[in-house]
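# Understanding the architecture of this molecule
Spelled out, the chains give:
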Amino acid sequence: MLSHIVNRVIGMIAVMFIVLTTVFVIVRLAPGDPAAMMLGPEATPEDAAELRARMGLDRPIPVQYVAFLAQMVSGDLGESIFFNRPVLEVMAARAEPTVFLTLFSILIAVAIAIPVGVVSAYTRGSLFDQGALSTAMLAASVPSFWTGLMFQQYLATHLGWFPVSGYGGPDASFIQRMGHLVLPSVVLGIVNSALIIRFSRASMLDILSDDYIRTARAKGMTEWRVVMRHAFKNALIPIVTVIGLTFALLISGAVVTERVFNLPGVGSLVVGAVLRRDYPLIQGTLVVVAGLYVLINFLIDMIYLAIDPRVKF
Amino acid sequence: METSLWRTLTQRRSVAVGLVILAVVGVAAVFAPLLAPYDPDAMSIRDRLTPPGADWWLGTDEFGRDTFSRLIYAGRVSLTVGLGVAALASLIGIALGLIGGFFRRLDPPVSRLIDAMMAFPDILLAIALVAALGGSLVNVILALAVVYAPRIARVVRASTLVIRELPYVEAARALGVSTPRVLVHHVLRNMVSPIIVQATFIFAYAMLAEAGLSFLGVGVDPATPTWGTMINAARQYVGTADWLILFPGIAITLCVLSLQIAGDGLRDALDPRISKEL
């Protein structure tokens, strides 16, 4: 078991090394002088030369690469050109809406998907099952920004049930700010529930056909107890893994949902960075988000190891 | 076998409907100049923001351009992106997966590369790549192909690991067949089905991602009509000219839904074991 954990940690470090290399390559893929592009057409050659020197872009590529790796490993993500502040500081200031949007969306997705998936598997082939599968497929096919715009128009603008957009302004209380996240979270939650519904259903179907379920029924156990205590508990393990894998999906969804609802989160920060060619901010965001994904999936793997007695190394 | 696959596919009503929708959209895209009642770029300020009716079937936009004609032409671009990404991602993914699955020593680095690429959220990686390469149609296809190639690579690698141990591969190698020939004729040929299924889903995801990139303003040139750029341009008219946002949204949804149904149907037809599980 210990050797598995050590191997997993080594694998995680290798993945992070490739993530960093990929980010380094992406930023240098830009044709022409990145410094001149970042500064825009009004910059003088002296300004560009100064920025090149400040960012170390005047050094040979291998030297830049080693310096970049050393900088990232030490936790320094560089300085945003536009904000003129450390990338980590800029990201931290914009993290709240994204963190809570992601958290609420996953809670909504799980609250919808697990009961629907379980009932769907239990009533396999029924009208409910077919309806649930069709709805899940439809939810995965609609662009999340389109759903967001529709919900915003009809539920917020027409009916006035939710704030239309924004994050409540600088004086808004925590509760008011969270109120602005309800509709975006519902949109993102519905879209992301699709995958979890399909996995919950498949996982439950798998378990319900196992011998020990038949044995539990043969022992005269109530159906509720068989489904909830024996089947659901075991079906939950692969579902947890899928929830971890949906993290990347959620972040992608958050980027566009933040734009629809005008939320000042990390998603809108990165879109702004792309439009302004703020490369240090783009690379910092990529590293943090990919790093979080790797870490979350590592933790889920460890939880899996702890809660599933069948997994032995 | 092909006839029975076709029969299995079309026997399921949902798959048949999905295939018909895809065929209609495909034909409309190919014959856009013949089917579009107006020039998609022709402006008529007098008719701006006209609701759907007899003259303008799906209404007009803020410049008085015909929404129906633009929708057909936009379909061309959106389908080109989907098809281009699916083809290019398959090429890259097949090469990576075959290398990782067939050559034991190269498997760990290839697997780590696949894991690392999948750690990036698709839209985030795509916008970073488009930011670096520049926002053109070709660059959007390239960026999305890089984003989705690891999904194909994962499937190909897993299948290669199984196939390389089969007796006929061993026999071919014992007979002195060259490694590239073994890879293409004996390994790749026997995993075409899962690749096609995965490519169908990537086609769908790429259309959604292109729409997302266009909506964020970091995709193709906003002047190029795609379903995504149409929705982005229509944002400010939600509530006053809903048809501008409604029809491109329905077009994307129908296409993606049809592709997903077709992908599911294809997977079930090719592997009946899975259809029982899902």
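Predicted model, so just to flag it, every value in this text is computed and none were measured. (Residues numbered from 1 in each chain as written. Chains lettered and ligands numbered in written order. Predicted model: local features only at pLDDT ≥ 70, side-chain atom pairs only at ≥ 80, totals over all residues. Heavy atoms only, no water.)

Scanning chain A for helices and strands turns up 14 helices and zero strands. Along chain A, helices (α) and strands (β) appear in the sequence α-α-α-α-α-α-α-α-α-α-α-α-α-α when read from the amino end. With the C-alpha coordinates aligned to their principal axes, the bounding extent of chain A is approximately 85 × 60 × 35 Å. Looking at the 313 residues of chain A, the share that counts as buried comes to 46%. (Helix = DSSP H or I, 4+ residues; strand = E, 2+ residues; numbered from the N terminus. Buried < 20%, exposed > 50% of the residue type's maximum accessible area, 1.4 Å probe, protein only.)

The helix and strand tally for chain B stands at 13 helices and zero strands. Starting at the N terminus and walking to the C terminus, you meet the elements of chain B as α-α-α-α-α-α-α-α-α-α-α-α-α. Dimensions of chain B along its principal axes, counting C-alpha atoms only, are 75 × 45 × 30 Å. For chain B, buried positions account for 52% of its 278 residues. In chain B, once contacts between residues fewer than 6 apart in sequence are set aside, the share between residues at least 24 apart is 69%. (Contact = heavy atoms within 4.5 Å.)

With 47 residues of chain A at the contact, the number on the chain B side is 49 residues. Summed over both partners, the interface of chain A with chain B buries about 4,200 Å², with 73% contributed by carbon and sulfur atoms. It is F145, W146 and R259 of chain A that lose the most area in chain A upon contact with chain B, and together they represent 14% of the buried surface on that side. Remark: the boundary between chain A and chain B carries one salt bridge. For R198 of chain A, the salt bridge goes to D264 of chain B, with nearest N and O atoms at 3.0 Å. Taken together, chain A and chain B are joined by nine residue pairs in polar contact (both at pLDDT 80 or more). Every element with two or more residues in the side of chain A that touches chain B is listed here: α1 (2-29), α7 (127-141), α8 (144-158), α10 (182-208), α12 (223-260), α13 (266-275) and α14 (279-307) of chain A. No other element matches α1 of chain A, which puts nine residues into the side of chain A that touches chain B. (Buried area = accessible area lost by both parts, 1.4 Å probe. Salt bridge = Lys/Arg side-chain N within 4 Å of Asp/Glu carboxyl O. Polar contact = N/O pair within 3.5 Å; in protein donor to acceptor, adjacent residues only side chain to side chain.)

Next up on the list: the environment of R76 of chain B. All names here are of chain B. The topology assignment puts R76 in helix α4 (residues 67-102). Along the chain, R76 and R267 lie 191 residues apart, while their C-alpha atoms are 26 Å from each other. If we ignore the near neighbours within four places in the chain, the residues touching R76 are A29, V30, A32 and P33.

Another aspect to go through is the nonpolar core. Counting residues in each nonpolar core, the largest one holds 139 residues, and the members touching the most others are I127, L144, Y148 and W227 of chain B. With 13 residues, the single largest contributor to this core is helix α10 (residues 192-216) of chain B. Looking at this core, you find at least three residues from each of domain 1 (2-84) and domain 2 (95-264) of chain A. A136, I196, I213 and A235 of chain A belong to the second largest nonpolar core, which has 22 residues in total. (Core = buried A, V, L, I, M, F, W, Y, C linked by side-chain atoms within 4.5 Å. Domains from an automatic or database assignment.)

So, about helix α5 (residues 107-118) of chain B. Given 3.6 residues per turn, any residue in an α-helix points the same way as the ones three and four places further on. When the terminal C-alpha atoms of α5 of chain B are compared, their 16 Å separation across 12 residues agrees well with the 16 Å that a helix rising 1.5 Å per residue should span. Those residues of α5 of chain B not exposed but buried are D107, V110, S111, I114, A116 and M117 of chain B. Elements in contact with the buried residues of α5 of chain B: α1 of chain A together with α4, α6 (122-133) and α7 (137-163) of chain B. (Expected span 1.5 Å × (residues − 1).)

What follows deals with the packing of helix α6 (residues 95-122) of chain A against α12 of chain A. In helix packing, the relevant descriptors are the interaxial angle and the interaxial distance, both defined with respect to the helix axes. All names here are of chain A. Taken N-terminus to C-terminus, the directions of α6 and α12 make an angle of 140 degrees; their axes are 8 Å apart at the nearest point. The element α6 and its partner α12 pack so that their crossing is right-handed. In this structure, α6 contributes T98, L101, T102, S105, I106, V110, I114, V118 and Y122 to the contact, and α12 contributes E223, V227, F232, L236, I239, I243, T246, F247, L250, I251, A254 and E258. (Axes fitted to C-alpha atoms, helices over the stretch in contact; angles between N-to-C directions. Left-handed = near helix turned anticlockwise from the far one by under 90°.)

This part takes up the pattern of salt bridges. Residue and element names in this part refer to chain B. As enumerated under the stated definition, the model contains 18 salt bridges over all chains in all. Its salt-bridge partner being R154, residue D115 comes within 3.1 Å of it at the nearest N-O pair. Placement of the pair is D115 in helix α5 and R154 in helix α7, with a sequence separation of 39 residues. For D115, a relative accessible area of 26% gives the class partly exposed. With its nearest N and O atoms 3.0 Å apart, the salt bridge here joins E165 to R164. A relative accessible area of 11% means that R164 is categorised as buried. Salt bridges sharing common partners tie together D41, D61, R65 and R70.

All names here are of chain A. With a phi close to 55 degrees, N84 is a non-glycine residue in the positive phi region. The topology assignment puts N84 in the loop between α4 (61-73) and α5 (87-93). Positive phi is not limited to glycine here, since R277 has a value of about 55 degrees. Locating R277 in the fold gives a position in the loop between α13 and α14.

This brings us to the confidence of the model for chain B. Keep in mind that low pLDDT regions are not for reading the predicted coordinates in detail. The predicted model of chain B has a mean per-residue pLDDT of 88, with 95% of residues at 70 or higher. Across residues 274-278 of chain B, where pLDDT falls below 50, the model places 12 contacts with residues more than four positions away in sequence or in other chains. (pLDDT = per-residue confidence, 0-100.)

Let us now look at the packing of aromatic side chains. The tally for this structure, following the rule as stated, stands at 10 aromatic pairs over all chains. Relative to F68 of chain B, the ring of W57 of chain B has its centre 5.1 Å away and its plane inclined at 55 degrees; by these criteria the two rings are tilted. Pair noted here: W57 of chain B is in the loop between α3 (32-35) and α4 and F68 of chain B is in helix α4, with a separation of 11 residues, a long-range link. One residue, R276 of chain A, lies across the ring of F82 of chain A, its end atom 3.8 Å from the ring centre. (Phe/Tyr/Trp six-rings, centres within 6.5 Å; stacked < 30°, edge-to-face > 60°. Lys NZ or Arg CZ within 6 Å of the ring centre and 35° of its normal.)

Quick look at the domain arrangement of chain A now. Segmentation of chain A into domains returns domain 1 (2-84) and domain 2 (95-264). For domain 1 of chain A and domain 2 of chain A, the distance between their C-alpha centroids amounts to 36 Å.

Let us look at the side chain of T22 of chain A. Structurally, the position occupied by T22 of chain A is in helix α1. Setting aside anything within four residues of it in sequence, one finds T22 of chain A in contact with M117 and F120 of chain B.

With that out of the way, let us pick up a positive patch on the surface. Positive charge collects at one region of the surface, where K219, R225, R229 and K233 of chain A lie side by side. Its location among the elements puts R229 of chain A in helix α12. (Patch = residues over 30% accessible without salt bridge, like charges linked within 9 Å, V, L, I, M, F, W, Y side chains within 5 Å. Areas by Shrake-Rupley, 256 points an atom, 1.4 Å probe, with all protein chains shown as cover. Lys, Arg positive; Asp, Glu negative; His and termini not counted. Charge placed at Lys NZ, Arg CZ, Asp CG, Glu CD.)

It is worth spelling out the side chain of S203 of chain A at this point. Counting through the fold element by element, S203 of chain A comes out in helix α10. When neighbours within four sequence positions are excluded, S203 of chain A is seen to be in contact with A235, P238 and I239 of chain A.

This part takes up the environment of R65 of chain B. Residues and elements named next belong to chain B. Structurally, R65 can be placed in the loop between α3 and α4. Through-space distance from the C-alpha of R65 to that of L35 is 16 Å; in sequence the pair is 30 residues apart. Those residues in contact with R65 that sit more than four places away from it in its chain are P40, D41, A42, M43, G59, T60 and R70.

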